[in-house]
Amino acid sequence: MAYQWQANLACIATYKTLEADDGLDQFEEADIPFSKAADVAMRRLRFYPSGTDNADIIEVLSIEMARRFVKLLVKRYSVKKQKKEISSQQIIMRIADVLAKPKATLTELAEVVDDAIKFADE
Amino acid sequence: MMRSNLPMNKGLLPLFMLGWAGVAWSGCDDATLMPAILDAENNAENSAGTVIGLGYDLQCSRKSERSDADSDTDELDSDATIQFFEGELRARGMLTGDADENPETLQELMGAASYVWSAAFTIKAGLFYRLEAEQTLDERQEAYGARLTLGKMGLFADNDALALSLNLAQIDPETDTARAALLTEKLDHYDRWDAELYFSYPMKGEPLEKITVSYRYFREQEAPAAIRQAGLDRYRYSKIMFWLKDELYLAYATGELPFDVAADQHVELGWSYSL
């Protein structure tokens, strides 16, 4: 069954980290409320390198963005890796892979976060 | 570097392109289409006005197993160094109904092997093979060599992005009418480097979402005098895009890319759409 966008920690943390003015500030809550964010594509985020078709540039900037995303998650939430044997760089790369795909959605990003990252309250 | 033995006569080239695009399409990853209205500036030889275009970008990549440097702890390290090897296939370009009026006629097919490293910034370096052609496929050439891309976010604002991409290539022209007309001897390979500088600045105000600037530069090394005098030894192309909500954009471009039909300036109104 496909992952569902819902009010769990992974989806809320994904949304808040991307939306918050003191977070990554990728969109405005007035334009994209949480309840309508499930199908929002990566290409709609402000960081997405829509102004170039250079795949290398898109890839390196997606890695940069993934690291900033994880850095803010660690700063704002009490998080650990879901599985010890999965390395931090694997987690950052899985997030970067989603961020690099223009049609990937916030739900897909939250699914990776849910699968790879454990929140303290879970 | 070895010269490719791929069948490049005009009869087989479209089949080769279609096959490669098909692999990229069905293989994996991303297929992006970008419908656009293009307004090419007229010149003496071309009567280009407003044309409808379809940008395409088909990609397929495979990455190596990544290191398990901190697999003995459950702490999440956001500063972890990233490194891996990657193999890629890609097809991209802009198609218009009348190929002769396409202001962005450069079509590219590429295969590459790269190494990626990321810590304080991100770097990607490797080798590539690329087929470049105009939409009609009358003009085409192979390029192979080395490439390097650097990227960094948060240089001037919290979430701005700056990237520089460099390619150093040997070019093997299969057909190049303009070049052949200028040279007395038969077409021979030559060295060329090209660069793309990309900058993105996020905006919070209405109606702008962000502004992106891209500058591309191509230069032939030690070009023959006839090539230099005809201005075929270097190409510049810059594009500024104003992104509005819902992926609408207004773009202004100036300059030309190799094989372009003298598109000195054009304005573009369009939107981005992914399949």
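None of the values given here were measured: they were computed from a predicted structure. (Residues numbered from 1 in each chain as written. Chains lettered and ligands numbered in written order. Predicted model: local features only at pLDDT ≥ 70, side-chain atom pairs only at ≥ 80, totals over all residues.)

### Some points on the overall build of chain A
Part 1 of the reasoning: Counting its regular elements, chain A contains four helices and two strands.
Part 2 of the reasoning: Listed N to C, the secondary structure of chain A is α-α-β-α-α-β in terms of helices and strands.
Part 3 of the reasoning: For 122 residues, the compact-globule estimate of 2.2 N^0.38 gives 14 Å, and the C-alpha radius of gyration of chain A, at 14 Å, lies within 12% of that figure.
Part 4 of the reasoning: Seen through its C-alpha atoms, chain A measures out along the principal axes to roughly 40 × 35 × 35 Å. (Helix = DSSP H or I, 4+ residues; strand = E, 2+ residues; numbered from the N terminus. Rg over C-alpha atoms; globule rule 2.2 N^0.38 Å.)

### Section: the overall build of chain B
Part 1 of the reasoning: Per the secondary structure count, chain B includes three helices and 13 strands.
Part 2 of the reasoning: Relative to its full complement of 275 residues, chain B shows a buried share of 35%. (Buried ≥ 20, exposed ≤ 12 C-beta atoms within 10 Å, placed from the backbone.)

### Quick word on the packing of helix α1 (residues 9-19) of chain A against helix α4 (residues 106-116) of chain A
Residues and elements named next belong to chain A.
Part 1 of the reasoning: Between α1 and α4, the least distance of the axes is 8 Å, while the angle of their chain directions is 120 degrees. Between α1 and α4, the angle is such that the two are oblique. Crossing angle aside, the handedness with which α1 passes α4 is right-handed. Between α1 and α4, the residues in contact are Ala10, Cys11, Ala13, Thr14 and Tyr15 and Leu106, Leu109, Ala110, Val113 and Asp114, respectively.
Part 2 of the reasoning: Per-class residue counts for the contact of α1 with α4 are eight nonpolar, one polar and one charged. (Axes fitted to C-alpha atoms, helices over the stretch in contact; angles between N-to-C directions. Parallel < 35°, antiparallel > 145°, perpendicular 65-115°, else oblique. Left-handed = near helix turned anticlockwise from the far one by under 90°. Contact = placed C-beta atoms within 7 Å. Nonpolar A, V, L, I, M, F, W, Y, C, P; charged D, E, K, R; others polar.)

### Remarks on α4(A)
Part 1 of the reasoning: Taken residue by residue, α4(A) has Leu106(A), Glu108(A), Leu109(A), Ala110(A), Val112(A), Val113(A) and Ala116(A) as its buried positions.
Part 2 of the reasoning: Residues of α4(A) that are buried in the fold lie against α1, β1 (79-81), α3 (88-99) and β2 (117-119) of chain A.

### Description of the interface of chain A and chain B
Part 1 of the reasoning: Contacts between chain A and chain B engage 45 residues on the former and 48 residues on the latter.
Part 2 of the reasoning: With 14 residues, the top contributor of residues to the side of chain A that touches chain B is helix α2 (residues 55-76) of chain A.
Part 3 of the reasoning: Counted by class, the side of chain A that touches chain B contains 19 nonpolar, eight polar and 18 charged residues.

### Re the pairing of strand β7 (residues 161-175) of chain B
All names here are of chain B.
Part 1 of the reasoning: When strand β6 (residues 140-153) meets β7, the two strands line up antiparallel, connected through 14 bridges. By the bridge assignment for β7, Glu142 is matched with Asp172.
Part 2 of the reasoning: Across eleven bridges, the pairing between β7 and strand β8 (residues 190-202) is antiparallel. The partner of Gln170 across the bridge, within β8, is Asp191. (Pairing = 2+ DSSP bridges.)

### Considering the nonpolar core
A general feature of soluble globular proteins is that nonpolar side chains tend to end up buried together.
Part 1 of the reasoning: In terms of nonpolar packing, the biggest core is built from 52 residues, with Ala66(A), Ile92(A) and Ile95(A) touching the most fellow members.
Part 2 of the reasoning: No other element matches the eleven residues that α2(A) contributes to this core.
Part 3 of the reasoning: The contact partners of Ala66(A), leaving out residues within four places of it in the chain, are Ile92(A), Ile95(A), Ala96(A) and Leu99(A).
Part 4 of the reasoning: If you look at the next biggest cluster of nonpolar residues, it comprises eight residues, including Tyr56(B), Leu58(B), Leu109(B) and Met110(B). (Core = buried A, V, L, I, M, F, W, Y, C linked by C-beta atoms within 7 Å.)

### Comments concerning the environment of Lys124(B)
Part 1 of the reasoning: Mapped onto the secondary structure, Lys124(B) falls in strand β5 (residues 122-133).
Part 2 of the reasoning: Using a count of 24 C-beta atoms within 10 Å as the deciding quantity, one classes Lys124(B) as buried.
Part 3 of the reasoning: Apart from residues no more than four positions distant in its own chain, Lys124(B) is found in contact with Asp56(A), Glu59(A), Val60(A), Ser114(B), Val116(B) and Thr149(B).

### Digging into unusual backbone geometry
Part 1 of the reasoning: Located in the positive-phi region is Asp25(A), a residue other than glycine, with phi close to 50 degrees.
Part 2 of the reasoning: With respect to the secondary-structure elements, Asp25(A) resides in the loop between α1 and α2.
Part 3 of the reasoning: For Asp25(A), a count of 18 C-beta atoms within 10 Å puts it in the partly exposed group.
Part 4 of the reasoning: One non-glycine residue, Glu222(B), adopts positive backbone phi at about 50 degrees.
Part 5 of the reasoning: Structurally, Glu222(B) can be placed in the loop between β9 (210-220) and α3 (225-229).
Part 6 of the reasoning: Using a count of 9 C-beta atoms within 10 Å as the deciding quantity, one classes Glu222(B) as exposed.

### Some points on the confidence of the model for chain A
Part 1 of the reasoning: In the predicted model, chain A carries a mean pLDDT of 93, and the fraction of residues at 70 or more is 98%.
Part 2 of the reasoning: The secondary structure element of chain A with the lowest average pLDDT is β1(A), at 93, and the one with the highest is α4(A), at 97. (pLDDT = per-residue confidence, 0-100.)

### So, α3(A)
Part 1 of the reasoning: Helix length check: α3(A) (twelve residues) gives 17 Å between terminal C-alpha atoms against 16 Å at 1.5 Å per residue, within 8%.
Part 2 of the reasoning: Taking burial as the measure, the twelve residues of α3(A) include ten buried ones, the bulk of the element.
Part 3 of the reasoning: Turning to α3(A), its buried residues are Ser88(A), Gln89(A), Gln90(A), Ile91(A), Ile92(A), Met93(A), Ile95(A), Ala96(A), Val98(A) and Leu99(A).
Part 4 of the reasoning: Elements in contact with the buried residues of α3(A): α2, β1, α4 and β2 of chain A together with β3 (82-96) of chain B. (Expected span 1.5 Å × (residues − 1).)

### A closer look at the confidence of the model for chain B
All names here are of chain B.
Part 1 of the reasoning: In the predicted model, chain B carries a mean pLDDT of 79, and the fraction of residues at 70 or more is 77%.
Part 2 of the reasoning: Here residues 1-12 is a poorly scored stretch, pLDDT under 50, and it has eleven contacts once near neighbours within four places are set aside; other chains count.
Part 3 of the reasoning: Both confidence scores are given for the complex: pTM 0.81, ipTM 0.91.

### Digging into the packing of α2(A) against α3(A)
Residue and element names in this part refer to chain A.
Part 1 of the reasoning: At a minimum axis separation of 8 Å, α2 and α3 run at an interaxial angle of 125 degrees. Here α2 lies oblique to α3, going by the angle between them. Judged by the twist between their axes, the crossing of α2 over α3 is right-handed. Residues Ser62, Ile63, Met65, Ala66, Arg67, Phe69 and Val70 of α2 form the contact with α3, whose participating residues are Ile91, Ile92, Ile95, Ala96 and Leu99.
Part 2 of the reasoning: Residue composition of the contact of α2 with α3, by class: ten nonpolar, one polar and one charged.

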